[in-house]
Amino acid sequence: MEITWLGHSCFRIKTKEATVIMDPYSKIEGLDLGRPKADIVTVSHDHPGHNNVSSVKGGDDLKVITGPGEYEIKGLFITGVRTYHDKQLGKKLGKNTVYLIETEGLVLAHLGDLGHVLDEEQADLMSEVDILLIPVGGGNSLGAEEAVEVISQIEPSIVIPMHYKTAPGQANLEGVERFCKEMGLTNWQVEDKLVVRKSDFGEQTEVKILAVKAN
């Protein structure tokens, strides 16, 4: 599995079977998604920073998933889990869908704009997650401290932070530094992309910081 961060909460996930674009955004300060190609698109919630399906090139065969349920597409098993964008069960900012992708013996979870720690049922549904894509910059989703709490609920092998301030912009969010401090990291490397195999996992949770690769 190859994971590339396209900025904000958008990732390209390449597997042997298919390419998935998760949470494509409309133009954000300092970022331009361009026209990525994919077989599948997932949308965590209907906000402009996450629902720009028209930017993705896939033709008539492009499959778009926009909510909870179980899906089997091109050999990938995708599960959408109902969560919320705030701590009031969506009363303030609406609903959010977490997506689990199962393929190649791996389970990846994209938390979208999750705005709360998980309840027992949600955490149980995510108990087999190997790779966790999690917002850490605050604003209208998890900040650093809450992100660390959610990580402790799921206990993944690899954590990839998203939705935080980067050099191009998004000054309204916190940078990744506070999250790294909360995770006990004193130094880290920034990688262009991440290629993951089950055999790579260690006993401890690893944090991987990715560079933005959008156009």
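The sections below set out a description of the structure shown in this document. Since we're looking at a predicted model, the values are computed, not measured.

So, about the pattern of salt bridges. Considering all chains together, one arrives at eight salt bridges under this definition. Here Asp 130 makes a salt bridge to Lys 198, at a shortest N to O gap of 3.0 Å. Within this pair, whereas Asp 130 is found in the loop between α1 (120-125) and β10 (131-135), its partner Lys 198 is found in the loop between β13 (194-195) and β14 (206-207), the two being separated by 68 residues in sequence. You can call Asp 130 buried: its relative accessible area is 7%. Owing to a relative accessible area of 43%, Lys 198 belongs among the partly exposed residues under this scheme. Note that Lys 208 and Glu 206 form a salt bridge whose closest N and O atoms lie 3.6 Å from each other. Here Glu 206 falls in the partly exposed class, since its relative accessible area comes to 33%. A cluster of three or more residues bridged by salt bridges with shared partners is formed by Glu 145, Glu 174 and Arg 178.

In this section: the packing of aromatic side chains. Taken as a whole, this structure holds two aromatic pairs when the rule is applied. Taking the centre distance of 5.1 Å and the plane angle of 35° together, the rings of Trp 5 and Tyr 164 count as tilted. Here Trp 5 is found in strand β1 (residues 2-7), whereas its partner Tyr 164 is found in the loop between β11 (158-162) and α3 (176-182), with 159 residues between them in sequence. One exposure class covers both Trp 5 and Tyr 164, and it is buried. Each residue in the set Trp 5, Phe 11 and Tyr 164 is aromatic and connected to the rest through ring pairs, giving one cluster.

This part covers the nonpolar core. Of all hydrophobic cores here, the largest spans 53 residues; its most connected members are Ile 3, Ile 131 and Ile 134. Those residues in contact with Ile 131, other than ones at most four positions away along the chain, are Met 1, Ile 3, Leu 106, Val 107, Leu 108, Ala 109, Ile 158, Ile 160, Val 196 and Phe 201. In this structure, Leu 33, Val 41, Val 43 and Val 56 belong to the second largest nonpolar core, which totals twelve residues.

Parameters at a glance
Residues numbered from 1 in each chain as written. Predicted model: local features only at pLDDT ≥ 70, side-chain atom pairs only at ≥ 80, totals over all residues. Heavy atoms only, no water. Salt bridge = Lys/Arg side-chain N within 4 Å of Asp/Glu carboxyl O. Helix = DSSP H or I, 4+ residues; strand = E, 2+ residues; numbered from the N terminus. Buried < 20%, exposed > 50% of the residue type's maximum accessible area, 1.4 Å probe, protein only. Phe/Tyr/Trp six-rings, centres within 6.5 Å; stacked < 30°, edge-to-face > 60°. Core = buried A, V, L, I, M, F, W, Y, C linked by side-chain atoms within 4.5 Å. Contact = heavy atoms within 4.5 Å.

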